[in-house]
Amino acid sequence: MVLATNLGFPRMGAKRELKFAVEGFWKGDITEAELVQTGADIRRTNWLMQRDAGIDHVPVNDFAFYDQMLDMTSLLGAVPPRYNWAGSNVDMHTYFAMARGNATTQAMEMTKWFDTNYHYIVPEFSADTKFAISTTKIFDEVAEAKALGLNPRPVLIGPVTYLSLGKSKDGTDPLLLLPKLLSVYRQILMTLVGQGVEWVQMDEPILALDITQAQAEALKSAYTTLCGYDVKICLATYFEKLSANEDLALSLPSEALHIDLRRGAGQLNGILAKFPDTKILSLGLIDGRNIWKNNLRLSLEQAESAVDALGSDRVWLAPSCSLLHSPIDLNLETRMDAQLKSWMAFSKQKLDEIVTLASILNGNDVGAALTESDAVAKDRSTSLRIHDSAVKSRMATLTLDMFARASPFINRRPVQQASLGLPLFPTTTIGSFPQTKTIREARAAFKKGTLDVNGYDAAMKQEIRDVVKFQEEIGLDVLVHGEAERNDMVEYFGEQLKGFTFSQNGWVQSYGSRCVKPPIIFGDVSRPTPMTVTWSSYAQSLTPRPMKGMLTGPITMLFWSFVRDDQPRSETCKQIALALRDEVSDLEAAGIKIIQIDEPAIREGLPLHRADWNAYLKWAVDSFRLSSSSVRDETQIHTHMCYSEFNDIIGSIAALDADSISIETSRSQMELLEAFIEFQYPNEIGPGVYDIHSPRIPSVDEMVMLLEKAAIVLDPAQIWVNPDCGLKTRAWAEVKPALTNMVEAAKVMRRMFA
Ligand code: GLN
Ligand code: ZN
């Protein structure tokens, strides 16, 4: 019998119950007991849903109040010393203090989970980190599931992934902690055995990365120690093909191995050819990271080849990775267009797909499902809503000159200087100004229909007048309109582009209690009408100073959306770029002299395997250039990125050929500029001097100091003066003095270099 299994289910609850409970607990509005009860209710709902769908192995311990890596840190008692934890049991307050910090203690670091938009809490290690079982959560949840009559499959982050994703605080190699760690993992497994658990899922997504010899050795030692006892281990890999780690993964003595067949579609036959005799293979056929219905016929072909090779008792079906990265239930979408909806599957529907596939393989007649899946595939391949011949023919006529500015930067520069007449160390901001309650209320009223277009227009124009006046008063050189009309930097554009749609409830956890609702790109993208020109022209009409037009770049729009899976992402990215190219031309024609195209996501798009980097960077850079290169020499293109690790992609950042780039640097004290120096970055740079992630108001002196640092290594004529990122999350009370100081700092620099 082929089993239907799952690797993990979203934990937020269909109505984001967990978010509201956790935030209520933080505010003191609900008690710990109420929070715990909400967690239990969500788990129960999720488990019964999976059981009723026909899932044979239901994951347990995939639930977390904040994050699954933090849960491991708690289970293992690896609480950093600064929390003054008394030992034995990690209570809820210590747990949330690690996640978010408290009045006296800093939070643990948070970072992106592989190439997803989920963020985990980074473990901290030192030579004397000790491990001991310190929470009963996993055991309690197993007991809860057993009481419901389920066959629970507890999930643990595997020891090598856990150590590899952690950070050493004293230079000790975290892998040296492995022997200590393994003895605690053994105890955990023994306790689970005592509870009658048959299978444990060990997640080792590290196997989707390029690993070191030391990591490979650690994996061998870990699974030799952990396997072969009374509990069977399913080693789960996901997010990429195994590539160079294939033989290693197959050789580890786990009783089952899970592989991702969405990202690693081509790897199945090779793996089947050398698959060990007794191991079970779990096929990750259903996309855990996107919202499209599975093509059952194609999946069936793959699954059948596995059954032919291994026999049906050694094949399981599963999502490619945990469903944590998918929204919960498509049935909650009551307003979505029926045809678009008929192409999609959220987590709950994905469970049905897994069960259906297993059923077919087990000889049951589910012919109707197959027919329906074929119909969807046909509908998508022929739909005129997806396939827009105008977009396709335009894409077919792209010429090389559309990917480059007319003149090189050295020739553009003097023309821009003459046209803009900016001083040395020109000052500007990244785009957004505080999103006040007034702004949010106006937008909400407009959406609800209680405020009409004219009323909304007037409210937004008032905001623009206010920010323009403020910027002129404090003496900024290049102004912005403030982005008051934008709810979100991707959604705002997606709503105006053809080929995008939106869900009402398609929430996905981003970190802790924060969820995002990514736009859905279902078809060929085009721009029916200008998107930002009215706002930017209005803003420009209020001032003689240059007004920056403000756009979100093609790469960022792509990565922060659910993307169609019927053509390469590079193709979709270029379609978005073409739509933006039109917007850029229209802004220029409307008299906007500087246009900023934000690309905060360019780095997070990097593939997990280095071997795939160049191909990605090529189409990412091409897309940006396609969007930005239509303009005349005197029109200045800016871009903005907000992360501080540039060293390994600095060449590609330069290849964007933006006239100016603003970047996050203030927290790292300009450290990242080293990459720019070594590379001799040719164009202009605005290294952020004001950390907008903090409520702190930087003084003139400290910003001058940062700028002096920058001026040592860069040509002063290259340097712009700006904050780290947009100001929308800040309050006016902070922004006013901070920007006033920033302008003053620029003046000090001008005197110094006059
Ligand atoms: N222009 C955007 C803003 O200022 C940029 C946001 C971002 O980099 N994430 O809000
Ligand atoms: Zn930013």
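How each quantity is defined
- Within every chain, residues take consecutive numbers counted from 1 along the sequence as written.
- Chain A is the first chain written and ligand 1 is the first ligand written, with later ones labelled in order.
- Note on the predicted model: pLDDT of at least 70 is required for a residue's local features to be given, and 80 or more for side-chain atom pairs to be given and counted; whole-chain, interface and lining totals, by contrast, use all residues.
- The basis for every side-chain value is the complete set of heavy atoms in the structure, and neither hydrogens nor water enter the calculation.
- Interaxial angles span 0 to 180 degrees and are taken between N-to-C directions of axes, which are lines fitted to C-alpha atoms, for helices over the stretch in contact.
- Under the DSSP-based scheme used, a helix requires at least four consecutive residues in state H or I and a strand at least two consecutive residues in state E, with every element numbered from the N terminus.
- Roughly parallel covers angles under 35 degrees, roughly antiparallel covers those over 145, roughly perpendicular covers 65 to 115, and oblique covers all other angles.
- Working rule for contacts: check all heavy atoms of both residues, and any pair within 4.5 Å makes them a contact.
- For this classification, Asp, Glu, Lys and Arg are treated as charged, while Ala, Val, Leu, Ile, Met, Phe, Trp, Tyr, Cys and Pro are nonpolar and the rest, including Gly, are polar.
- Any two strands with at least two DSSP bridges between them are considered paired.
- For Na, K and Ca the donor cutoff is 3.2 Å, while for all other metals N, O and S atoms must lie within 2.8 Å; water is not among the atoms, so some sites may look incomplete.
- Irregular is the label for any site that misses the other tests, which are tetrahedral for four donors with all angles between 85 and 135 degrees, and square planar for four donors or octahedral for six when opposite donors exceed 155 degrees and the remaining angles lie between 65 and 115.
- Whether a residue is near a molecule or strand depends on its heavy atoms: it is near if one of them lies within 4 Å of it.
- Think of a polar contact as two N or O atoms within 3.5 Å of one another; within protein, one of them needs to be a possible hydrogen donor and the other a possible acceptor, and neighboring residues in sequence only count if both atoms come from side chains.
- Accessible surface is estimated by sampling points in the Shrake-Rupley manner with a 1.4 Å probe; for residues, cover comes only from the protein chains shown.
- Only residues whose relative accessible area exceeds 30% and that take part in no salt bridge are eligible for patches, with like-charged residues grouped when within 9 Å of each other and nonpolar side chains (Val, Leu, Ile, Met, Phe, Trp, Tyr) grouped when within 5 Å.
- A carboxyl oxygen of Asp or Glu within 4 Å of a side-chain nitrogen of Lys or Arg is what we treat as a salt bridge.
- When a residue's accessible area, from a 1.4 Å probe over protein chains only, is under 20% of the maximum for its type it is buried; when over 50% it is exposed; and in between it is partly exposed.
- Neither His nor the chain ends contribute to the count of charged residues, in which Lys and Arg are positive and Asp and Glu negative.
- By definition, turning the near helix anticlockwise from the far helix through less than a right angle yields a left-handed crossing, and turning it clockwise yields a right-handed one.

**Remarks on the packing of helix H11 (residues 296–310) against helix H14 (residues 367–382)**
Describing two packed helices takes the angle between their axes plus the distance from one axis to the other.
Reasoning step 1: Interhelical geometry of H11 versus H14 gives an angle of 120 degrees and a closest axis separation of 8 Å. Classified by the angle between their axes, H11 and H14 sit oblique to one another. Residues Leu296, Arg297 and Leu300 of H11 lie in contact with H14, whose contacting residues are Ala369, Leu370, Ser373 and Asp374.
Reasoning step 2: For the contact of H11 with H14, a count of residues per class yields four nonpolar, one polar and two charged.

**Structural notes on the sheet that holds strand S18 (residues 562–563)**
Reasoning step 1: The strand order across the open sheet built from three strands is S13-S16-S18, with neighbouring strands paired in mixed fashion. Of all the strands in the sheet, just strand S13 (498–501) and S18 have a single pairing partner and so form its edges.
Reasoning step 2: As paired strands, S13 and strand S16 (residues 520–526) are joined by three bridges and run antiparallel to one another. Considered in S16, the bridge of Phe500 is made with Ile521.
Reasoning step 3: Helix H22 (residues 569–589) rests against S16 and S18 of the sheet, and its axis sits at about 55 degrees to S16.

**Describing the sheet that holds strand S11 (residues 280–286)**
Strand pairing in a sheet relies on backbone hydrogen bonds, with the paired strands running either antiparallel or parallel.
Reasoning step 1: Strand order in this open sheet of eight strands is S1-S12-S11-S10-S9-S8-S6-S2, and the pairing throughout is parallel. Each end of this open sheet is capped by a strand with a single partner; those strands are strand S1 (3–4) and strand S2 (58–60).
Reasoning step 2: Of the strands in this sheet, S2 and strand S6 (152–157) are in contact with helix H5 (residues 137–147), which crosses S6 at around 160 degrees.

**Here we look at the coordination of the zinc ion (ligand 2)**
Reasoning step 1: The zinc ion (ligand 2) binds to the protein through His640 (NE2), Cys642 (SG) and Cys725 (SG); the donor distances cover 2.1 to 2.4 Å.
Reasoning step 2: Taken together, the four donor atoms coordinating the zinc ion (ligand 2) and their angles of 90 to 122 degrees define a geometry best described as tetrahedral.
Reasoning step 3: Going along the chain, you hit the donors of the zinc ion (ligand 2) in the pattern H-x1-C-x82-C. Residue His640 is located in strand S20 (residues 636–641), and its partner Cys725 is located in the loop between helix H26 (700–713) and helix H27 (732–753); the two are separated by 85 residues in the primary sequence.

**Some remarks on the site of ligand 1**
Reasoning step 1: Every residue near ligand 1 is listed here: Ile430, Gly431, Ser432, Glu483, Met489, Asp598, Pro600, His640, Cys642, Cys725, Gly726 and Lys728.
Reasoning step 2: At a separation of 2.8 Å, an oxygen atom of ligand 1 approaches a polar side-chain atom of Ser432.
Reasoning step 3: Asp598 has a polar side-chain atom sitting 2.6 Å from a nitrogen atom of ligand 1.
Reasoning step 4: Against a free-state accessible area of 300 Å², the protein chains account for coverage of 92% of ligand 1.

**Considering a nonpolar patch on the surface**
Reasoning step 1: Residues Leu424, Met752 and Phe753 make up a contiguous nonpolar surface patch of roughly 240 Å² in combined accessible area.
Reasoning step 2: If you trace the backbone, Met752 turns up in helix H27.
Reasoning step 3: Exposure remark for Met752: the relative accessible area of 40% places this residue in the partly exposed category.

**Points about the pattern of salt bridges**
Reasoning step 1: Tallied over the entire structure, the rule returns 46 salt bridges.
Reasoning step 2: Two residues, Glu109 and Lys167, come together in a salt bridge whose shortest N-O distance is 2.8 Å. Of the two residues, Glu109 sits in the loop between helix H4 (92–100) and strand S3 (110–112) while Lys167 sits in strand S7 (residues 167–168), which places them 58 residues apart along the sequence.
Reasoning step 3: With relative accessibility at 38%, the residue Lys167 sits in the partly exposed group.
Reasoning step 4: Across the pair Arg603 and Asp648 runs a salt bridge, and its minimum N-O distance is 2.6 Å. Of this pair, Arg603 sits in the loop between strand S19 (594–598) and helix H23 (613–628) while Asp648 sits in the loop between S20 and helix H24 (650–655); the two residues are 45 residues apart in sequence, bridging distant segments of the chain.
Reasoning step 5: Given a relative accessible area of 19%, Arg603 falls into the buried group.
Reasoning step 6: Among the charged side chains, a salt-bridge network with shared partners connects Arg43, Asp71, Lys137, Glu141 and Glu144.

**Concerning the side chain of Asp633**
Reasoning step 1: Mapping Asp633 onto the fold places it in the loop between H23 and S20.
Reasoning step 2: With no salt bridge to any partner, buried Asp633 finds its closest opposite charge in Arg405, at an N-O distance of 5.3 Å.
Reasoning step 3: In contact with Asp633, other than residues within four places in its own chain, are Arg405, Ala406, Ser407, Arg412 and Gln416.

**Remarks on the packing of helix H3 (residues 68–75) against H4**
Reasoning step 1: The interhelical angle for the contact between H3 and H4, taken along N-to-C directions, is 130 degrees, at an axis separation of 11 Å. By the angle between their axes, H3 is oblique relative to H4. As H3 runs across H4, the sense of the crossing is right-handed. Packed against H3, whose contacting residues are Leu70, Asp71, Thr73 and Ser74, the element H4 presents Tyr95, Met98 and Ala99 at the interface.
Reasoning step 2: The class makeup of the residues in the contact of H3 with H4 is four nonpolar, two polar and one charged.

So yeah, pure geometry; function would need other evidence.
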